[in-house]
Each structure stands twice: as structure tokens, then as C-alpha cells.
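Observations on the model geometry
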Amino acid sequence: MFFTGKVLGIETSCDETSAAIVEGKSVLSNVVASQIEMHEKWGGVVPEAAARAHIESMLPVIQEALDRANIKCPDAIAITNRPGLVGALSVGVSAAKALATGWNIPIIAVHHLEGHLFSIWGDPASEILYPHLALIVSGGHTELVDVVAPCQYKILAETRDDAAGEAFDKGARLLGLGYPGGKAIQDAAESGNPSRYDLPIALSNDPTSFSFSGLKTAMKNLVSSETNLNVADAAASLQEAIVQPLVSKTISALQDRAALALVGGVAANRLLRARLAQECKRLGCEFYVPPIDLCTDNAAMIALAGSARLAKGEFSDFTFDAQPNAPLP
Ligand code: KG4
Ligand code: ZN
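Presented here is a report on the structure given in the accompanying data block. (Residues numbered from 1 in each chain as written. Chains lettered and ligands numbered in written order. Predicted model: local features only at pLDDT ≥ 70, side-chain atom pairs only at ≥ 80, totals over all residues. Heavy atoms only, no water.)

This next bit is on the pattern of salt bridges. For the coordinates displayed, the defined rule picks out 16 salt bridges. In this structure, the salt-bridge partner of lysine 6 is glutamate 23, at a minimum N-O distance of 3.7 Å. Taken together, the positions of lysine 6 in strand E1 (residues 6-11) and glutamate 23 in strand E2 (residues 16-23) put the pair 17 residues apart, joining distant regions of the chain. For lysine 6, a relative accessible area of 23% puts it in the partly exposed group. A salt bridge links arginine 282 to glutamate 279; the nearest nitrogen and oxygen atoms lie 2.6 Å apart. Of this pair, arginine 282 and glutamate 279 both sit in helix H9 (residues 270-283), separated by 3 residues, roughly a single helical turn. Linked through salt bridges whose partners overlap, the residues forming this network are Lys183, Asp187, Glu190 and Arg270. (Salt bridge = Lys/Arg side-chain N within 4 Å of Asp/Glu carboxyl O. Helix = DSSP H or I, 4+ residues; strand = E, 2+ residues; numbered from the N terminus. Buried < 20%, exposed > 50% of the residue type's maximum accessible area, 1.4 Å probe, protein only.)

A few words now on helix H8 (residues 231-254). For H8, with 24 residues, the first-to-last C-alpha span of 34 Å sits near the 34 Å given by 1.5 Å per residue. The backbone nitrogen of alanine 232 has a side-chain oxygen 3.0 Å away, supplied by the residue at the start of H8, namely asparagine 230. Just downstream of H8 lies glutamine 255, where phi reads positive at about 45°. (Expected span 1.5 Å × (residues − 1). Polar contact = N/O pair within 3.5 Å; in protein donor to acceptor, adjacent residues only side chain to side chain.)

With 42 residues, the main nonpolar core has Ile242, Leu246 and Leu272 as its most contacted residues. Elements that contribute at least two residues to this core include exactly strand E6 (132-137), helix H5 (164-174), helix H6 (181-189), helix H7 (213-225), H8, strand E10 (259-263) and H9. In terms of residue count, the dominant contributor to this core is H8 (12 residues). Ignoring any residue separated from it by four or fewer positions in sequence, one finds leucine 246 in contact with Leu135, Val137, Thr142, Ala164, Phe210, Phe212 and Leu272. Grouped together as the second largest cluster of nonpolar side chains are 31 residues, Leu113, Ala261, Leu304 and Ala308 included. (Core = buried A, V, L, I, M, F, W, Y, C linked by side-chain atoms within 4.5 Å. Contact = heavy atoms within 4.5 Å.)

In C-alpha cells:
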């Protein structure tokens, strides 16, 4: 299922500059240079600043990934070229094309979400069953995908507006908890009461769509109307209002499938992981989640996805470019 040689993965679609080496399904190195500190002061990702920071970190991060894996030259390169911030993506794409030309090795362009779908292979103990259902929850995407076979997908449901991660981030900003918001909301929610504030669960009867934009408005109203707002209770209520529809729609889409995967940055959320694990146990269904460090953006997942495509005999010519929007292949 995976390419036999060593694959260098490169990821620069948003605010992490990452390079990794995988061999088969083993992750030999995974280096992530995060720009969070820089974007924190603006309360979100500034695309131009992200691209500049990728330029600074790109070559040192690749060198470190090679050094940690103890290799001089990989056998192939997998590069995220879509979707994402086009300036940020272009930095990785240019570096990958230059290195593939210099080393004279094949290159494969990878869809960022396909990378997330392969992140579950990053758990060394895992043997993944296909077909399975996957819930992708990140800062930019919320999708339920039928993973028919490796690299073969059918989208079953998606968000009509904001992504689940965006709902965490916007909520955290309103509560003054900083950026990125997911982990901050999770930590603040730990001591909070999730039923203290009544927040809307949108489209609860529609199995094919998610919607999170109403939550932002509800949080705004809550913050401006409550004079004595309890931040822990508000964080717990928000987390509950995001997790609840994710779990209920995922479980109803599961039907008779034998396995479920939870991937993307929001897959790091303890409550979401625990609820889905509990439901899968109840239904006798396998449950796959990546290790925490492979939930948020990283190049190991890109290398794994690229390696699976290379093993099928696919590779890219040098005409591909960075694309801001693109459906799953
Ligand atoms: O996959 P990712 O790193 O980037 C995108 O492809 O968008 O996801 C980032 C998102 C952010 O919105 C962040 O707040 C969220 O993942 N996130 C979390 C947690 N850790 C990261 N959301 C909830 N709970 C967490 N523990
Ligand atoms: Zn991502």
C-alpha cells in the first residue's frame, strides 16, 4: 500500500512550516516550525506574513527532517499544493520542485485533506480497514467522507459556512482566550459547566450539512449581554455546542460501516475523541484517531498520502501549481 523508498513530505498550506521523512508507514522524522506566536498578536493568520515566515523556515526545517532521519537524499517528494493560502502553498511548492529537480527524483502533489485522511497511519500500531467513514474537522474544513479505498473518496456531508475549528477560534477570540482557540477553549472548559449557557445547535435534523456560523453570533450576544460572564462555563457550553452535532451526524452517517476515522486539528479535542470512542465502542466499530501531534498540520501525513499515491504508480509532472481551493481528488 505504501511506496518502498523514503519520501520527504513538505507542508506549508497555512501557519506551520513542516517537513517529514516516511518509509513505508514508518515516520522517521517530522519537524514542525509553528508560526503561532507571530500570528497570535494579530488574533489570526496574516497570509503575507505566513508566506514570508515559510520562506525563512523552509530550508532549515527540511534539513532538520533529513538529519533526524539520518539521510542525505530521499527517493521521492510529496508536497501539499492545495487547498490553502496560495502564497504560503507557493513557498513549499517552489522548494519541492527545486529539490526534486536537483535530486532528480519523482514528485507528487498532495491534497491537504487527503494528508489529514492518512494521518491515522501515523499510529505505529494501526492497521486501517477500508472502507471507513472519516470525519475531517480542521480550521478550514468540516466534512464527512466515505473513504471507499485508499485515495478514493465520496463526500457525504460538509459545512454550509464556518468550519468546526473556526467556531472554536472565533469563540476563543470573543472570550479573550487567544489564538488558536481550540486548545484554549478545551482547557478553559475543563472546569466549566456545559449546560450553563444555551447555545444553538444548527441543522440538527439535516444529516448532510453542518453549520457553525450561528454560534459566533450567539457567543457575541452572550458576551455582550452577560455582565457576569463565567468564561469556563461559556467555553464548556461552546465546546458542547460544537461537539454535539459533530458526534450525532457522524454516528448517523456511520450506518453499517465497520470503522470510523477522526482527523484534522479539531481531532485533538479530548471531548470529541472521547465521545466518538464511546459511541464506536457501543456500536462495535473500529475507531481510528491520529496521535495528537499528527492532528494539527504536519508533513508526515502529507508524506504518507504521497507515498500511497506513488505506490499506485502516480507522480506529478512539474506543471502543477498552488491552488487556494480544490475538492478532494
Ligand atoms: O488541521 P489544522 O491544523 O489546520 C487546518 O487545516 O485548518 O486545524 C487547526 C484547527 C484550529 O481551528 C484549532 O483551533 C483547532 O484545529 N484545534 C482544536 C484543538 N487543537 C487544535 N480544536 C479543538 N480542540 C483542540 N484541542
Ligand atoms: Zn489541516
